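# Observations on chain architecture
Given next are the chains, with one letter for each unit.
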Amino acid sequence: MSRKISFTVQYSVPVEELHRALTNDEMWQARFKDAATATLELTHPDGPGTISIHMTEKAPEDQIPGIVKKVLKSELMLERTDTWGPLQDGIAKGGFDGRSGGITTEMAGSFELRPTAEGSEIEVVGTVDVKVPLVGGAIEPLVENLLKKVMNSERKSVETWFAAQNA
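Treat the numbers as computed from the prediction; the structure is a model and nothing was measured.

Definitions and cut-offs
- Residues numbered from 1 in each chain as written.
- Predicted model: local features only at pLDDT ≥ 70, side-chain atom pairs only at ≥ 80, totals over all residues.
- Heavy atoms only, no water.
- Helix = DSSP H or I, 4+ residues; strand = E, 2+ residues; numbered from the N terminus.
- Buried < 20%, exposed > 50% of the residue type's maximum accessible area, 1.4 Å probe, protein only.
- Contact = heavy atoms within 4.5 Å.
- Areas by Shrake-Rupley, 256 points an atom, 1.4 Å probe, with all protein chains shown as cover.
- Salt bridge = Lys/Arg side-chain N within 4 Å of Asp/Glu carboxyl O.
- Polar contact = N/O pair within 3.5 Å; in protein donor to acceptor, adjacent residues only side chain to side chain.

Glancing now at the overall build of the protein chain. Broken down by element type, the protein chain carries 4 helices and 7 strands. The secondary structure elements of the protein chain, listed N-terminal to C-terminal, are β-α-α-β-β-α-β-β-β-β-α. Taking all 167 residues of the protein chain together, 41% fall into the buried category. Contacts spanning at least 24 positions in sequence make up 58% of the contacts within the protein chain whose residues lie at least 6 apart. Carbon and sulfur atoms make up 52% of the accessible area of the protein chain, which amounts to about 9,000 Å² in all.

The structure is reproduced here in structure tokens:
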């Protein structure tokens, strides 16, 4: 059984500048430069102003919740691919899909980047499915919270990168 997820991440950056950062290789390379167990692959499948970001990372042992450790079959490897389309009329659409190794987890959904009075926001809508008998339903909210934490961490990275570009 899957769990529906929906949340919004607020940015202080104007939508045009946020989209430019999200589709910029240098921003993603800066975000991952200190991630020793991560890999990053960037492509621009539909030309300038679009991007596909494929990320993998080994989850740090000390950050894995106890309930997850109990059902892990091997190291917890996280994999996610985000895509962003062009900015059109102030809105950009994208998507994400992810999975994990060590415990069978899948997530997928969509992004919508749009302007706000204070800057911009990304609406995230999708599903999370943890295929572990008995405890999968208890783990799905943890996966949703992890995605929220990652998206908020990305917000901080984008805003820091953006500030450095304008310094």
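The next subject is the pattern of salt bridges. If you walk through the whole model with that rule in mind, you get 10 salt bridges. In this structure, the salt-bridge partner of R80 is D82, at a minimum N-O distance of 2.4 Å. Look at R80 and you get buried, because its relative accessible area is 8%. Accessibility expressed as a relative area gives 2% for D82, which makes it buried. The partner of R114 in a salt bridge is E121, with the nearest N and O atoms 2.7 Å apart. For E121, a relative accessible area of 13% corresponds to the buried category. What you see here is one network of salt bridges that share partners, running through K93, E112, R114, E121 and E123.

Checked against the element boundaries, E154 lands in helix α4 (residues 136-165). By relative accessible area, which is 6% here, E154 ends up buried. One polar contact links E154 to R80, side chain to side chain, over a distance of 3.0 Å. Setting aside residues up to four positions removed in sequence, E154 forms contacts with Y11, W28, R31, M55, R80 and D82.

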